[in-house]
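Examination of the molecular architecture
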Amino acid sequence: MSRRALRRLRGEQRGQEPLGPGALQFVLRDDDDAEEEGPKRGPDGRRPRGSGKEGVRVNNRFELINIEDLEEGPVVNGERSDCLLTEAVVSRNKRRSPSGSAETKRDGEAADRSNVSGKLRKKKKKQKNKKNATGETSENGLEDIDRILERIEDSSGLNRPGPPPLSSKKHVLYVEHRHLNPDTELKRYFGARAVLGEQRPRQRQRIYPKCTWLTTPKSTWPRYSKPGLSMRLLESRKGLSSFAFEHSEEYQQTQHKFLAAVESMEPNNIVVLLQASPYHVDSLLQLSDACRFQEDQEMARDLVERALYSMECAFHPLFSLTSGTCRLDYRRPENRSFYLALYKQMSFLEKRGCPRTALEYCKLILSLEPDEDPLCMLLLIDHLALRARNYEYLVRLFQEWEAHRNLSQLPNFAFSVPLAYFLLSQQADLPEQELSSAREKASLLIRQALTMFPGVLMPLLEYCSVRPDAAVANHRFFGPDAEISQPPALRQLVSLYLGRSHFLWKEPATMSWLEENVREVLQAVDAGDPAVEACESRRKVLYQRAPRNIHRHVVLSEIKEAVAALPPDVTTQSVMGFDPLPPLDTIYSYVRPERLSPVSHGNTIALFFRSLLPNYTMEGERPEDGGAGVLNHNQGLNRLMLAVRDMMANFHFHDLEAPREDNPEGDGEWD
């Protein structure tokens, strides 16, 4: 039998033969155990076998190469484990003493297994403790990021604008990123397979520079290049940060071309402008309106999404969509495009059947300037909350803002909040006590709403195709006089609410509940309740004229009943889709240069008819004082006279041909 076969029978390997009395021997011990237990040796200076850990005898010189790996152990899940080191020690001891008895081997194997399993359990406990010490992973990863940012700010001592400290109860205008994506809501309705079925094959190469929250870039869009739009931080105080969009010189030139294209009243000019600047925001919004009027809803929505993507790519690093502490002043024209793009996107989402996502966009718009509320989102947020069946949010908003915003003075909140309480009382998963409390609260609030706004009842029943009882229809409090005697501003708010939310009242259970409370209100009116007179005097004082933001909201809503109730001073002025009813105290960062009038270069007839207009001015003329103004005025008159003479010289009168003598019927003769 060869030596190789003998070595295999003995369990030895090549190069592990004893090196003699001077052989190298290394003993590896755990440092922690060595420090705790100390060197325990027998009387003869040798360490007993049963005490402590077994040492590793290295007889092969090549094993010295990986001796550090044996000391430290492999890395498992970010930590080094000692289990593999113990197994290596046991295997080497077995190879070194192959002639041991079977019982000793079994005992050793059982002990080794118990040691290994015990160490594994200790390792798992250590990992759990470390996870608990660093903070458990929450379902919403954004909260962990916010906590980390808070620790960094606390350690550095810098007061930078950012999200407020997270508390157990989030801010009422807190926006959740996952609800800004309509696919999240559509998956809940139709399933992920139906929504993402066509989106699964994705391209490996990224065409777009960054990931965005408001929109998802499409492969059909032009390649993104910075159009010259940016955002800067104006100030940060009292936990609020004010930002503003900025236009570069190149973007300003594009903006001037856009205004000229709008004045031309030709959509093709805007298309030509977008071919040169595919991410100009105002051009995208204006062309979106043109597509919507032509019933091309898909293209209109795509253009709005592209405008949002262009603006989100220009965000300041400290600008947050979700914190509710970032402000954009609507008086700056550069910021208005973002407001209008969000509003148009919210409208498309509502029509698409995503009210929960639309509610999140509504909260985002309201959080940008909640005090001024330039688009008057308080007239819409209750409708979206009811459509999304988020009744708790509507109740919470009313409870927190009623004290300082008087939301009950708006007809939409006066009727939507009791409806939300009533719908909460219809849910079966709440305790009986909460259901009865919600029902009582709903009845109390709807009676107050009917007393404050009696002109809402009859139009609401007419919208719902419900014939009222004769006692209600003929009563003086809810009769025709209640609707006619409303102030103009109140009539406009009522028309807006009924045109938008009347279908929410069509349920039979809701109508029965409304009927019960109407009868109780009539009893209170007949009994001479002083609250009735107080509400009537309040209506006459509070609703004299609606502010400009309500008119702007009515124009954007495009509800026919509300638009018909606008005052004449609003309907007679021109309203631009890219900037409807701009604020009177607008803050301009740059001014559009005066353009030379192209009409003077045309024919004289056009110049003459344009000169008849009251706002006619000659090119290059500016109102000045003194003799220069008189001189310019005289030059204008002389030019006008020359134009009239030229026009008269170009007129030619052709004589009528004499009728032929051979025409017996006398065609062409005048009787």
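Read on for a plain summary of the structure. All values reported here derive from a predicted model rather than from experimental measurement.

Counting secondary structure elements, the protein chain contains 29 helices and five strands. Across the 671 residues in the protein chain, those meeting the buried criterion constitute 41%.

In this section: helix 13 (residues 333–352). An ideal rise of 1.5 Å per residue puts 28 Å on 20 residues; helix 13 measures up with 29 Å between its terminal C-alpha atoms. Of all the 20 residues making up helix 13, 16 are buried; the element is thus mostly covered by neighbouring parts of the structure. A positive phi of about 95 degrees marks Gly 353, the residue just after helix 13.

With that out of the way, let us pick up the packing of aromatic side chains. According to the stated counting rule, one finds 18 aromatic pairs in the structure shown. Taken together, a centroid distance of 4.8 Å and an interplanar angle of 55 degrees make the contact between Phe 315 and Phe 319 tilted. Across the pair, exposure class does not vary: Phe 315 and Phe 319 are buried alike. Ring centres of Phe 422 and Trp 513 lie 4.6 Å apart, and the angle between their planes is 10 degrees; this geometry places the pair in the stacked category. Of this pair, Phe 422 sits in helix 17 (residues 411–425) while Trp 513 sits in helix 23 (residues 508–526), placing them 91 residues apart in sequence. Grouping residues by exposure puts Phe 422 and Trp 513 together as buried.

For the rest of this paragraph, the subject is the sheet that holds strand 3 (residues 229–237). Here three strands make up an open sheet; going across it, the order is 3-4-5 and the pairing mixed. The open sheet has two edge strands with one neighbour each: strand 3 and strand 5 (326–328). Neighbour-to-neighbour, the strand axes of this sheet turn through a mean angle of 35 degrees, independent of strand direction. Strand direction decides the pairing type here: strand 3 and strand 4 (residues 240–247), joined by eight bridges, are antiparallel. Opposite Arg 232, over in strand 4, you have Ala 244 as the bridge partner. Contacting strand 4 and strand 5, helix 13 crosses the sheet at an angle of about 105 degrees to strand 4.

The geometry of helix 16 (residues 391–405) relative to helix 17 is characterised by a closest axis approach of 9 Å and an angle of 135 degrees between their N-to-C directions. With respect to helix 17, the axis of helix 16 lies oblique. Helix 16 and helix 17 meet at a crossing whose hand is left-handed. The residues of helix 17 that touch helix 16, namely those facing Tyr 391, Glu 392, Leu 394, Val 395, Leu 397, Phe 398 and Gln 399, are Phe 413, Ser 416, Val 417, Ala 420, Tyr 421, Leu 423 and Leu 424. Each residue belonging to the contact of helix 16 with helix 17 can be placed in one class, and the counts come to eleven nonpolar, two polar and one charged.

Two elements in contact, helix 11 (residues 281–293) and helix 13, have axes whose closest approach is 10 Å; the angle formed by their N-to-C orientations is 30 degrees. Both helix 11 and helix 13 take part in a crossing whose hand is left-handed. In this structure, helix 11 contributes Val 281, Asp 282, Leu 285, Ser 288, Asp 289 and Arg 292 to the contact, and helix 13 contributes Ser 337, Leu 340, Ala 341, Lys 344 and Phe 348. Residues of the contact of helix 11 with helix 13, tallied by class, amount to five nonpolar, two polar and four charged.

On to the side chain of Arg 336, then. One can find Arg 336 in helix 13. At 3.1 Å, the side chain of Arg 336 and the backbone oxygen of Arg 331 are in polar contact. Sequence-distant contacts of Arg 336, defined by excluding residues within four places in its chain, comprise Tyr 330, Arg 331, Asp 579, Pro 582, Pro 583 and Thr 586.

What follows deals with the pattern of salt bridges. As a working rule, side chains carrying opposite charge can pair if their charged atoms are close by. Overall, the coordinates contain 21 salt bridges when judged by the stated rule. For Glu 400, the salt bridge goes to Arg 396, with nearest N and O atoms at 2.8 Å. Taken together, the residues Glu 400 and Arg 396, both in helix 16 and four residues apart, mark about one turn of the helix. Judged by its relative accessible area of 34%, Glu 400 falls in the partly exposed class. Notably, a salt bridge pairs Arg 545 with Asp 569, separated by 2.6 Å at the nearest N-O pair. Taken together, the residues Arg 545 in the loop between helix 24 (530–542) and helix 25 (548–557) and Asp 569 in helix 27 (residues 568–571) connect sequence positions 24 residues apart. What makes Arg 545 exposed here is its relative accessible area of 52%. Overlapping salt bridges, with partners in common, bring together Asp 289, Arg 292, Lys 344 and Glu 558 in one network.

Turning next to unusual backbone geometry. In this model, Lys 238 sits at a positive phi of 55 degrees, which is unusual for a non-glycine residue. By the secondary structure assignment, Lys 238 is in the loop between strand 3 and strand 4. Even without a glycine there, the phi angle at Met 265 is positive, about 60 degrees. Residue placement: Met 265 occurs in the loop between helix 9 (249–263) and helix 10 (267–276).

Below, the discussion takes up the nonpolar core. Residues Phe 338, Phe 413, Phe 415 and Trp 505 are the most contacted members of the largest nonpolar core, which totals 126 residues. Setting aside its immediate chain neighbours within four residues, Phe 338 contacts Leu 214, Phe 245, Leu 308, Met 311, Phe 315, Leu 321, Leu 328 and Leu 368. Judged by nonpolar contacts, the second largest core, of five residues, contains Trp 221, Tyr 224, Tyr 279 and Cys 313.

For helix 7 (residues 182–190), the full list of buried residues reads Pro 182, Asp 183, Glu 185 and Leu 186. Burial along helix 7 is one-sided: seen end-on, the buried residues are contained in an arc of 160 degrees. The inward-facing, buried residues of helix 7 contact helix 8 (192–196), helix 13 and helix 14 (355–368). Two residues or fewer after helix 7 comes Gly 191, characterised by a positive phi angle close to 95 degrees.

Topologically, Leu 394 is positioned in helix 16. Given a relative accessible area of 1%, Leu 394 falls into the buried group. Setting aside residues up to four positions removed in sequence, Leu 394 forms contacts with Asp 382, Ala 385, Leu 386, Phe 413, Ser 416, Val 417 and Ala 420.

This part takes up the side chain of Glu 360. As for its position among the elements, Glu 360 is in helix 14. Under the relative-accessibility criterion, Glu 360 is labelled buried at 0%. If near-sequence neighbours (up to four positions away) are discounted, Glu 360 is found in contact with Tyr 174, Val 175, Glu 176, His 179 and Leu 180.

Thresholds, definitions, all that
Residues numbered from 1 in each chain as written. Predicted model: local features only at pLDDT ≥ 70, side-chain atom pairs only at ≥ 80, totals over all residues. Heavy atoms only, no water. Helix = DSSP H or I, 4+ residues; strand = E, 2+ residues; numbered from the N terminus. Buried < 20%, exposed > 50% of the residue type's maximum accessible area, 1.4 Å probe, protein only. Expected span 1.5 Å × (residues − 1). Phe/Tyr/Trp six-rings, centres within 6.5 Å; stacked < 30°, edge-to-face > 60°. Pairing = 2+ DSSP bridges. Axes fitted to C-alpha atoms, helices over the stretch in contact; angles between N-to-C directions. Contact = heavy atoms within 4.5 Å. Parallel < 35°, antiparallel > 145°, perpendicular 65-115°, else oblique. Left-handed = near helix turned anticlockwise from the far one by under 90°. Nonpolar A, V, L, I, M, F, W, Y, C, P; charged D, E, K, R; others polar. Polar contact = N/O pair within 3.5 Å; in protein donor to acceptor, adjacent residues only side chain to side chain. Salt bridge = Lys/Arg side-chain N within 4 Å of Asp/Glu carboxyl O. Core = buried A, V, L, I, M, F, W, Y, C linked by side-chain atoms within 4.5 Å. Arc of directions from axis to C-beta.

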